[in-house]
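# Summary of the model geometry
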Amino acid sequence: MSTLIEDPLLALSAESSARLPALAEHVDQLACPPASAVVITHILDTALPFIEAISRAVDLVAVIGIPYSTMPTARRQLEAAGHRVVIPPDIESLPALAREEIERASALREEPVIVQEIGGYCAPFAEELWEAGLIAGIVEDTKQGHWRYAERGNLPCPVLSIAESPLKALEDQQVGRSISHALETILRRQFHRLLTETKVGILGYGGIGEATAVALSSLGARVAVFDQCGIRMAKAALDGFGETSREELIRKSDVVLGVSGHRSIEGKDLELLRPGTILASGSSKQVEIDLGALNLMAVEKSEPGLVQHFTLSEGKQVFLLNEGMPINFLEQSILGRVLDLVYTELFLCMREIALGNVGPGLQSLDIDQHRMAAQKWHRLHWV
């Protein structure tokens, strides 16, 4: 995207129609009642057309960026187009900032706001916001966020999640390809090695883990996987990836990659790592690797960065990629036409809340709307 923009708002609008035609058509054709919104998202170039499109449907009061996935150029373009953009100094500060912005937005517009978020940051205080009349409902994008809301039990407010929808599942393949591409690039540029010479151990065999294993294997990596779920391990075995134990995977892999959505590499696992092991995450935030234990066990370590060196006991060196944050965000996270499908579902969820069609609790969009969105997306992109 060019940064030489005479009219930033018109430029973003044109790009939205060009890159996200299904979303643009839904926004233009489906009436959305007046509503205000706060969006918590990754501020990447790929997200700019989405933010512009939904700002034509609702009154977008604020965009809150995830610190580890905010591109300065993208932020500047949003601000140039007139959007309020706020970024917390670190991920721990995000929930408090989100609450502050939601309260501000509701007071400013004198109405409850729709929160579209990515990570469940508002889950701990969603009930309080609802009871105070500050929110109309929440739209959640990710599985980690979905799990956070599920842990809250019977929430009184509407929470529409796309994390387990059939449309979101289609995104997993592209996420796996993005993780694979990022890992191959880092190995080539930073370690001067090829995937064909690398054994990659993947912890987690959900949708993204499976897609990552397939993508890496297709590029020549020797892939082993482990998942705590017996059903997923059975599938991994049928796919040709399940002939290993967790301990063996950690001991023998050149790269240990966590994509479970939970803590997958514990402090006790660090002693099992072979010298020169590379630790990486393809999961949101810094949840996969026990960074506290890694720092505590380090005799020496380099400054944080793309590749951080740790010397453990007996001189064993291990390497951490991207400070334990997802490596796919180093290159826009996800690319391709599937974004148009996922963004369309997010808009449809926001519209349902604005229409007052969603009751209390965690739920998903009606399957008929999934079919409608998929058909339109297929017609616009492939027919």
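Because the structure is predicted, anything quoted here is derived from the model rather than measured. (Residues numbered from 1 in each chain as written. Predicted model: local features only at pLDDT ≥ 70, side-chain atom pairs only at ≥ 80, totals over all residues. Heavy atoms only, no water.)

### Digging into the overall build of the protein
Where we set the bar: The helix and strand labels rest on DSSP assignments: H or I over at least four residues marks a helix, E over at least two residues marks a strand, and numbering proceeds from the N terminus. C-alpha atoms define the radius of gyration, and 2.2 Å times the number of residues to the power 0.38 defines the globule rule. Note on exposure labels: buried denotes an accessible area under 20% of the residue type's maximum, exposed denotes more than 50%, and partly exposed covers the range between, all computed with a 1.4 Å probe on protein chains only. Note on definitions: a residue-residue contact is assigned when non-hydrogen atoms from the two residues lie within 4.5 Å. Residues counted as positive are Lys and Arg, residues counted as negative are Asp and Glu, and His and the chain ends are not counted. Where a charge lies is defined by one atom per residue type, namely NZ (Lys), CZ (Arg), CG (Asp) and CD (Glu).
Of regular secondary structure, the protein possesses 15 helices and 14 strands. By the compact-globule yardstick of 21 Å for 383 residues, the protein fits well, its C-alpha radius of gyration being 21 Å. Seen along its three principal axes, the alpha-carbon backbone of the protein occupies a region of about 60 × 50 × 45 Å. Residues counted as buried form 56% of the 383 residues belonging to the protein. A sequence separation of at least 24 residues applies to 66% of the contacts in the protein between residues at least 6 apart. Considering the protein, the positive charge centre built from 34 side chains and the negative charge centre built from 50 side chains are found 5 Å apart.

### Concerning helix 9 (residues 171–191)
For the record, the criterion: Each residue after the first adds 1.5 Å to the expected span of a helix.
When the terminal C-alpha atoms of helix 9 are compared, their 29 Å separation across 21 residues agrees well with the 30 Å that a helix rising 1.5 Å per residue should span. His192 occupies a position one or two residues after helix 9 and carries a positive phi of about 55°.

### With respect to helix 3 (residues 48–55)
Within helix 3, 7 of the 8 residues are buried, leaving the element largely enclosed by the surrounding structure. Among all positions in helix 3, only Leu48, Pro49, Phe50, Ile51, Glu52, Ala53 and Ile54 are buried.

### A closer look at the nonpolar core
Among soluble globular proteins, nonpolar side chains are generally buried collectively. Applicable threshold: To define a nonpolar core, start from buried Ala, Val, Leu, Ile, Met, Phe, Trp, Tyr and Cys residues and group those joined through side-chain atoms within 4.5 Å.
Formed by 41 residues in total, the largest nonpolar core has its most connected members in Leu23, Phe50, Val58, Leu78, Tyr343, Phe347 and Met350. Looking at this core, the elements that each hand over two or more residues are helix 2 (21–29), strand 1 (36–43), helix 3, strand 2 (59–70), helix 4 (72–80), helix 14 (338–355) and helix 15 (367–382). If one sorts the elements of this core by residue count, helix 14 sits on top with 10 residues. Ignoring anything within four residues of it in the chain, the contact list for Phe347 reads Leu23, His26, Val27, Leu30, Ile54 and Ala57. Membership of the second largest hydrophobic core comes to 32 residues, among which are Ile66, Tyr68, Val113 and Cys157.

### Re the pairing of strand 2
Quick reminder of the rule: Strands pair, by our definition, only if DSSP identifies at least two bridges between them. We call a crossover right-handed when, viewed with both strands directed away from the observer, the connection leading from the first strand over the helix to the second proceeds clockwise.
Counting buried positions along strand 2 gives 10 out of 12 residues, so the element sits mostly inside the fold. In this sheet, strand 2 lies alongside strand 1 in parallel orientation, the contact comprising 7 bridges. Its bridge partner lying in strand 2, Ala37 is registered against Leu60. Assessed by its sense of winding, the connection that carries the chain from strand 1 through helix 3 to strand 2 is right-handed. Bridging between strand 2 and strand 3 (residues 85–86) involves 2 bridges; their strand directions are parallel. Bridge pairing in strand 3 links Ile64 to Val86.

### Points about the packing of helix 14 against helix 15
This is how it is decided: To get an axis, fit a line to the C-alpha atoms, keeping to the stretch in contact for a helix; angles then go from 0 to 180 degrees between the N-to-C directions. For any pair of crossing helices, the crossing counts as left-handed if the nearer helix is rotated counterclockwise from the farther one by less than a right angle, and right-handed if it is rotated clockwise. Polar here means any residue outside two lists: the nonpolar Ala, Val, Leu, Ile, Met, Phe, Trp, Tyr, Cys and Pro, and the charged Asp, Glu, Lys and Arg; Gly therefore counts as polar.
As a packed pair, helix 14 and helix 15 sit with axes 10 Å apart at the nearest point and diverge in direction by 145°. In this structure, helix 14 meets helix 15 at a crossing whose hand is right-handed. On helix 15, the residues that touch Val338, Asp340, Leu341, Thr344, Glu345, Leu348 and Glu352 of helix 14 are Gln369, His370, Met372, Ala373, Ala374, Trp377 and His381. Of the residues assigned to the contact of helix 14 with helix 15, the class counts are 7 nonpolar, 4 polar and 3 charged.

### Some words on the pattern of salt bridges
Note the following rule: Only one rule defines a salt bridge in this text: a Lys or Arg side-chain nitrogen within 4 Å of an Asp or Glu carboxyl oxygen.
Overall, the coordinates contain 22 salt bridges when judged by the stated rule. Salt-bridge contacts for Asp141 lead to Lys168; the nearest nitrogen and oxygen are separated by 2.5 Å. A residue pair is termed long-range when its members are at least 10 positions apart, and Asp141 in the loop between strand 5 (135–140) and helix 7 (143–151) and Lys168 in helix 8 (residues 166–169) qualify at 27 residues. We note that Asp141, like Lys168, is buried. The network of salt bridges with common partners includes Glu25, Lys376 and Arg379.

### Side note on the side chain of Asp340
Counting through the fold element by element, Asp340 comes out in helix 14. Despite its burial, Asp340 pairs with no opposite charge; the closest candidate is Arg337, at 8.5 Å N-O. Look past the residues within four positions of Asp340 in its chain and what remains in contact with it is Arg19, Leu20, Pro21, Ala22, Leu23, Trp377 and His381.

### Some remarks on the sheet that holds strand 11 (residues 300–301)
Reading across from one edge, 8-7-9-10-13-12-11 is the order of the 7 strands in this open sheet, with mixed pairing throughout. Strands with a single pairing partner mark the edges of an open sheet, and in this sheet they are strand 8 (222–226) and strand 11. Alignment of strand 10 (residues 278–281) against strand 13 (residues 317–321), held across 2 bridges, turns out to be parallel. By the bridge assignment for strand 13, Leu279 is matched with Leu320. Sheet strands touched by helix 10 (residues 207–218): strand 7 (199–203), strand 8 and strand 9 (255–258). Its angle to strand 7, the strand with the most contacts, is close to 170°.

### Overview of the packing of aromatic side chains
Heads up, the condition is: Pairing of aromatic rings covers Phe, Tyr and the six-membered ring of Trp, with a centre-to-centre limit of 6.5 Å; geometry is then stacked below 30 degrees between planes, edge-to-face above 60, and tilted otherwise. A ring has a charge above it when a Lys NZ or an Arg CZ is no more than 6 Å from the ring centre and no more than 35 degrees off the ring normal.
Summed over all chains, the structure comprises 5 aromatic pairs. Arranged with centres 5.3 Å apart and planes meeting at 80°, the rings of Phe191 and Phe319 form a pair that is edge-to-face. Residue Phe191 is found in helix 9, and its partner Phe319 is found in strand 13; the two are separated by 128 residues along the sequence. Taking the centre distance of 6.2 Å and the plane angle of 65° together, the rings of Trp377 and Trp382 count as edge-to-face. Taking relative accessible area as the criterion, Trp377 reaches 14% and is therefore assigned buried. Its guanidinium or amino end placed over the ring of Tyr121, Arg148 lies 5.6 Å from that ring's centre, counting from NZ or CZ. Taking NZ or CZ as reference, Arg337 lies 4.4 Å from the ring centre of Trp382, over its face.

These values are about where atoms sit, not about what they do.
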